[in-house]
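# Reading the structure
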Amino acid sequence: MSKNDLQAIIMGLVLILAQAIVFDNVCLFNVAVPFVFIYVIFKLPMTMGVNPVLIISFLLGLMIDIFADTYGMNALASTVTAMTRRGVLNLYIPRGDEPADPVPSFKSIGRGPYIKYMATMTLIYCVLIFAIESFTFFNFWLTVARVTASTALSLVLMLGVDFLTVRRREKRL
């Protein structure tokens, strides 16, 4: 097990605990709910096979489901989100460009494409989780507001986590 693998496992466990203890209890204006644990799915290396990515995503969602009593909603949403990961990334990276680093980041794919990738993936996850939760079009505008606000809040928090982890690594070098 390499140092990067160990750091990724520790980051995943910390984000799962933070999601279960802190972020599941946050609901801004009774609309916005932050989902920070999906950052782990977004940062998995693009060279990793499809099956390990789906297994990791399912287990992450299942752990959140266990802590939050959501009966498989997060497991389903995170697995479907992981399935769309490569396609979404290919939307924002030109065909001829191969990133030097297989892990999506500001440095490897650029600032604009990285923020678009994170925003699109977060939007996909939020649409899935709130569609599963409401499972009706009765409160359509409330669901749209929850998706929009939760996507924005989650994106800001995940970019903050990304900023903190990148800065820490740069100081060590």
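Below or above, wherever it landed, is the structure these notes cover. Here the structure is a predicted model, which means the values were calculated and not measured.

Helix and strand counts for the protein come out as seven helices and zero strands. Each helix and strand of the protein, placed in order from N terminus to C terminus, yields the pattern α-α-α-α-α-α-α. Taken over the C-alpha atoms alone, the protein extends approximately 50 × 35 × 30 Å along its principal axes. Residues counted as buried form 38% of the 173 residues belonging to the protein.

This brings us to the nonpolar core. Ranked by internal contacts, the top residues of the largest apolar core, which has 36 residues, are Phe35, Ile38, Phe42, Tyr117 and Met118. Contributions of two or more residues to this core are made by helix H1 (3–21), helix H2 (39–42), helix H3 (50–68), helix H4 (73–92), helix H6 (111–134) and helix H7 (140–172). For this core, the element with the highest residue contribution is H6, accounting for eight residues. The contacts of Ile38, once residues within four sequence positions are left out, are Thr122, Tyr125 and Met158.

Our next topic: the pattern of salt bridges. Inspection of the entire model under this criterion finds two salt bridges. Between Arg146 and Glu133 there is a salt bridge, with the nearest N and O atoms lying 3.1 Å from each other. On the criterion of sequence distance, the pair formed by Arg146 in helix H7 and Glu133 in helix H6 is long-range, its members being 13 residues apart.

This brings us to the packing of aromatic side chains. The final tally for this structure, using the stated rule, is six aromatic pairs. Residues Phe35 and Tyr125 carry aromatic rings whose centres are separated by 5.3 Å and whose planes lie at 70 degrees to one another, so their mutual orientation is edge-to-face. Separated by 90 residues along the polypeptide, Phe35 in the loop between H1 and H2 and Tyr125 in helix H6 bring together distant segments of the chain. Overall, Phe35 belongs to the buried group, its relative accessible area being 7%.

On to the side chain of Ser105. Among the secondary structure elements, Ser105 is positioned in the loop between H4 and helix H5 (106–109). When neighbours within four sequence positions are excluded, Ser105 is seen to be in contact with Lys43, Gly110 and Tyr114.

What follows is about H4. A rise of 1.5 Å per residue sets the reference length of H4, with its 20 residues, at 28 Å; its end C-alpha atoms lie 28 Å apart and thus fit the reference within 8%. Of all the bends in H4, the largest measures some 40 degrees and sits at Arg85. All of the buried residues in H4 are Met73, Asn74, Ala75, Ala77, Ser78, Thr79, Thr81, Ala82, Arg85, Val88 and Leu89. Tucked into the core, H4 has its buried residues touching H2, H3, H5 and H6.

This part is about the packing of H4 against H6. Their axes nearest at 9 Å, the elements H4 and H6 cross at an angle of 150 degrees. Classed by the angle they form, the pair H4 and H6 counts as roughly antiparallel. Regarding H4 and H6, the two cross each other, and that crossing is right-handed. Contacts between H4 and H6 involve Met73, Asn74, Leu76, Ala77, Ser78, Val80, Thr81, Thr84, Arg85, Val88, Leu89 and Tyr92 from the first element and Pro113, Lys116, Tyr117, Thr120, Met121, Ile124, Tyr125, Leu128, Ile129, Ile132 and Glu133 from the second. Residue composition of the contact of H4 with H6, by class: 15 nonpolar, five polar and three charged.

What follows covers the side chain of Arg85. The residue Arg85 is located in helix H4 in this model. Those residues in contact with Arg85 that sit more than four places away from it in its chain are Ile41, Phe42, Leu44, Pro45, Met46, Val53, Tyr117 and Met121.

Rules behind the numbers
Residues numbered from 1 in each chain as written. Predicted model: local features only at pLDDT ≥ 70, side-chain atom pairs only at ≥ 80, totals over all residues. Heavy atoms only, no water. Helix = DSSP H or I, 4+ residues; strand = E, 2+ residues; numbered from the N terminus. Buried < 20%, exposed > 50% of the residue type's maximum accessible area, 1.4 Å probe, protein only. Core = buried A, V, L, I, M, F, W, Y, C linked by side-chain atoms within 4.5 Å. Contact = heavy atoms within 4.5 Å. Salt bridge = Lys/Arg side-chain N within 4 Å of Asp/Glu carboxyl O. Phe/Tyr/Trp six-rings, centres within 6.5 Å; stacked < 30°, edge-to-face > 60°. Expected span 1.5 Å × (residues − 1). Bend = angle between axes of the 7 residues up to and from the residue. Axes fitted to C-alpha atoms, helices over the stretch in contact; angles between N-to-C directions. Parallel < 35°, antiparallel > 145°, perpendicular 65-115°, else oblique. Left-handed = near helix turned anticlockwise from the far one by under 90°. Nonpolar A, V, L, I, M, F, W, Y, C, P; charged D, E, K, R; others polar.

By themselves, these observations are geometric and do not establish any function.
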